[in-house]
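Fold and geometry: a report
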Amino acid sequence: MSGLLDLSIAELSGKMARREVSSREATQAALARVADTDGKLGAFLAVAAERALELARASDERRARGEVRSPLDGVPLGVKDIFLTQGIPTTAGSRILEGFLPPYDATAVERLQGAGAVVVGKLNMDEFAMGSSTENSAYRPCRNPYHLERTPGGSSGGSAAAVAARQVFGALGTDTGGSIRQPASFCGVVGLKPTYGRVSRYGVIAFASSLDQVGPIARTVGDAALLLGAVAGHDPRDMTSSPRPVPDYLEGLEGGGRGLRVGVPREWFQGGVEPGVERAVREALETYRRLGATLVDVSLPHTQYAVAAYYLIAPAEASSNLARYDGVRFGLSARGGGLREMYARTRGRGFGPEPKRRIMLGTYALSAGYYDAYYLRAQKVRTLIRRDFDRAFESCDLVAGPVSPTVAFRLGEKVNDPLQMYLADIFTISCNLAALPGLSVPCGMHPGEQLPVGLQLLGRPFDEATLFRAARALERELGPLPPPRGV
Amino acid sequence: MALSREEVRRIAALARLELQPEEEERMAQQLSAILDYVRQLEALDVSAVEPMTHALAEGAVPLREDEVAASLPPEVALGNAPARAGTCFKVPRIIE
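Predicted, not measured: the structure shown is a model, and the values here were computed from it.

A tally of helices and strands in chain A yields 15 helices and 11 strands. Rg of the C-alpha trace for chain A: 21 Å, near the compact-globule value of 23 Å for 487 residues, within the 12% margin. Referenced to the eigenvectors of the C-alpha coordinate spread, the extents of chain A come out at roughly 65 × 55 × 45 Å. The buried share of chain A, taken over its 487 residues, is 62%.

Written out as structure tokens, the structure reads:
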């Protein structure tokens, strides 16, 4: 493994500023690492090598002229294949979009590239972000760089695996019910789902529009803060993006744990969490106490209803969003027969099992006679879940607990039992339903399995800064995890 | 609650989704299990609770001004069209 690729974004940026390394060298190293490892890892769905080298050359020229745009200028990054990238194939992990060439860039990608970043390719994911293992990718599964027989989590599994395996220095993912935090946890990296509305969703292929949010995956908390700062902020093309100003997320980063009130929801520690995971999480809480934080007992009484509410709301919104794949304007088109036959055949052939399941579930939950009993009731439960957090945040500054009840599970372990796969989302889903920011930071290795464990931190709306500060305090105390040796 | 094959076919027709016979069978089983699970929401009294219709804390953001702006040129917008006729997307005949 090359030393260059082990650098954080901040370190690489510093070396480029001191002319010790060029963007071209960093980009070549990243591309070589992808070429060497991705046959086994499966993190990429498309590599845009020539384009990346071109962007790197342009970055080096800017630097030579003294026109560096940001600390991300020249840094090789990846983006989940759910972001539209002009001229680079974009599939959302689905056959129905095979060969699709987007006519424009997503706002988040535009902002990264505007900051000078080098996007080297598109990262593997569960089809339409529906899944928790990246096994629902219609192209190939992605594997966990710590253990190739384990999943990297999902749906942003390619993003987390690529960052952990040192193929790229950072990445963007999306999180609808845990799709950034859970793979970050499984792969031993930092992942943030920002507050709903913090980052524009323009040009992000929609799954569940009231839950989807774009966020960073990186190897350090500081890098995640840097990436969020680059992509956050109002976008007139997304009417749900917030006009609130974006703070400097690096400013309070080193604030430490002293004085923080860390809420520990009692419902999250009532069994069902693997002992090795629970131990690492409890040790992290103990670390906070040692650093001068106060642990506060809080209650989130509707926790047990979150998965049920989510698996009505998310499929309902998905069934509507996925109606656009009809064989008319882009993507697969299975013709022959009339219009309705074309719609049904295109969708029957183009969608894999998980999107089909969710389209069916969502259509059912929204159909005449069932709307009040399912969708409306779930939206009311969503209010109750949000109120649980409002109440908890009266006595604490953030909430901490596990990301997932287990470490990375085996490929094939849950893929045939969708309900079991859904139930594993228990700790990550409330955050999306309540529209809060949530972060996953490594808190140790599972002693038996030698796989990473993540600690989840949830904050008040738009208080990403406190999550970064708390995560950084833990990171500084624990030091880095052992790097993955699987590839 | 068991979902019948007939019910599965009805929903698939609403969703414009062609399912193979073996898919219908599997779908009936899996959806039944999921619907059984989500029924636990019935245990909650939500009669006095408002649904959460806005995910953004401040509610709806003011709409932007309705001004003419650049949009995709037709050639670009049609770039991924499976079939086209001039500057239109071509579809199977709708009116006999």
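Now for the interface of chain A and chain B. For interface size, the figure often reported is the accessible area lost on association. Contact residues are listed per partner, giving 54 residues for chain A and 41 residues for chain B. Where the side of chain A that touches chain B is concerned, the elements lending two or more residues are α9 (306-321), α10 (339-350), α11 (353-366), α12 (372-392) and α13 (418-423) of chain A. Tallying contributions element by element places α12 of chain A first for the side of chain A that touches chain B, with 10 residues. Split by residue class, the side of chain A that touches chain B holds 30 nonpolar, 13 polar and 11 charged.

Below, the discussion takes up the sheet that holds strand β1 (residues 44-47) of chain A. Residues and elements named next belong to chain A. Pairing within the open sheet is mixed, and its 11 strands lie in the order β1-β3-β2-β4-β6-β5-β10-β11-β9-β7-β8. On the outer flanks of this sheet lie β1 and β8 (294-298), each paired with one strand and no other. Direction aside, the axes of adjacent strands within the sheet are offset by 30° on average. Two elements, strand β2 (residues 76-80) and strand β3 (residues 118-123), share 5 bridges in a ladder whose sense is parallel. The residue bridging lysine 80 from the neighbouring strand is leucine 123, located in β3. Sitting on the sheet, helix α4 (residues 107-114) touches β2, β3, β4 (170-175) and β6 (213-218), and the angle it makes with β3 is about 150°.

All names here are of chain A. When you line up the elements, threonine 176 lands in the loop between β4 and α6 (181-187). In the structure, threonine 176 is positioned 172 residues away from leucine 4 in sequence and 33 Å away in space, judged by C-alpha atoms. Those residues in contact with threonine 176, other than ones at most four positions away along the chain, are Ala129, Phe207, Ala208, Leu211, Asp212, Ala314 and Asn432.

On to unusual backbone geometry, then. Residues and elements named next belong to chain A. A cis amide bond, omega 10°, links glycine 154 with the succeeding residue serine 155. Its identity is not glycine, yet alanine 92 carries a phi of approximately 55°, on the positive side. By C-beta crowding, alanine 92 is classed as buried, having 31 other C-beta atoms within 10 Å.

Taken over all residues, the pLDDT of chain B has a mean of 92, while the share at 70 or more is 97%. The ipTM assigned to the predicted complex is 0.95, against a pTM of 0.97.

All names here are of chain A. One can describe the packing of helix α7 (residues 221-231) onto helix α15 (residues 464-478) by two numbers: an axis separation of 9 Å at closest approach and a directional angle of 160°. Considering their axes alone, α7 and α15 lie roughly antiparallel with respect to each other. Across the interface between the two elements, Val221, Gly222, Ala225 and Leu228 from α7 touch Glu464, Phe468, Ala471, Arg472 and Glu475 from α15. In terms of residue class, the contact of α7 with α15 is built from 5 nonpolar, 1 polar and 3 charged.

The biggest cluster of nonpolar side chains holds 169 residues, and the ones touching the most others in it are Leu77, Ala309, Leu312, Leu457 and Ala471 of chain A. Considering every element that reaches this core, the biggest residue donor is α9 of chain A, with 11 residues. Once residues lying within four places of it in the same chain are set aside, the contact partners of alanine 309 of chain A are Ala378, Val381, Arg382, Ile385 and Leu433 of chain A together with Leu41 of chain B.

Another point: the environment of valine 487 of chain A. Residues and elements named next belong to chain A. Summarising the element assignment, valine 487 is placed in the segment after α15. Spatially, the C-alpha atom of valine 487 lies 31 Å from that of leucine 101, the residues being 386 residues apart in sequence. If we skip the residues at most four places from it in the chain, valine 487 touches Thr37, Lys40, Leu41, Pro145 and Ala165.

Okay, the packing of α11 of chain A against helix α2 (residues 21-38) of chain B next. Running from N to C, α11 of chain A and α2 of chain B point in directions that differ by 60°, and their axes come no closer than 11 Å. Classed by the angle they form, the pair α11 of chain A and α2 of chain B counts as oblique. In the crossing of α11 of chain A with α2 of chain B, the sense of the turn from one axis to the other is right-handed. Counting all contacts with α11 of chain A, which are made through Arg357, Met360 and Leu361 of chain A, the residues of α2 of chain B involved are Met27, Gln30, Leu31 and Ile34 of chain B.

Next up on the list: the environment of cysteine 396 of chain A. All names here are of chain A. Within the secondary structure, cysteine 396 sits in the loop between α12 and β9 (398-402). Under the C-beta neighbour-count criterion, cysteine 396 is labelled buried, with 22 such atoms within 10 Å. When the C-alpha positions of cysteine 396 and arginine 261 are compared, they lie 4.8 Å apart, and in sequence the two are 135 residues distant. Among residues more than four places away in sequence, those in contact with cysteine 396 are Arg261, Val262, Gly263, Val296 and Val298.

Parameters and conventions
Residues numbered from 1 in each chain as written. Chains lettered and ligands numbered in written order. Predicted model: local features only at pLDDT ≥ 70, side-chain atom pairs only at ≥ 80, totals over all residues. Helix = DSSP H or I, 4+ residues; strand = E, 2+ residues; numbered from the N terminus. Rg over C-alpha atoms; globule rule 2.2 N^0.38 Å. Buried ≥ 20, exposed ≤ 12 C-beta atoms within 10 Å, placed from the backbone. Contact = placed C-beta atoms within 7 Å. Nonpolar A, V, L, I, M, F, W, Y, C, P; charged D, E, K, R; others polar. Pairing = 2+ DSSP bridges. Axes fitted to C-alpha atoms, helices over the stretch in contact; angles between N-to-C directions. pLDDT = per-residue confidence, 0-100. Parallel < 35°, antiparallel > 145°, perpendicular 65-115°, else oblique. Core = buried A, V, L, I, M, F, W, Y, C linked by C-beta atoms within 7 Å. Left-handed = near helix turned anticlockwise from the far one by under 90°.

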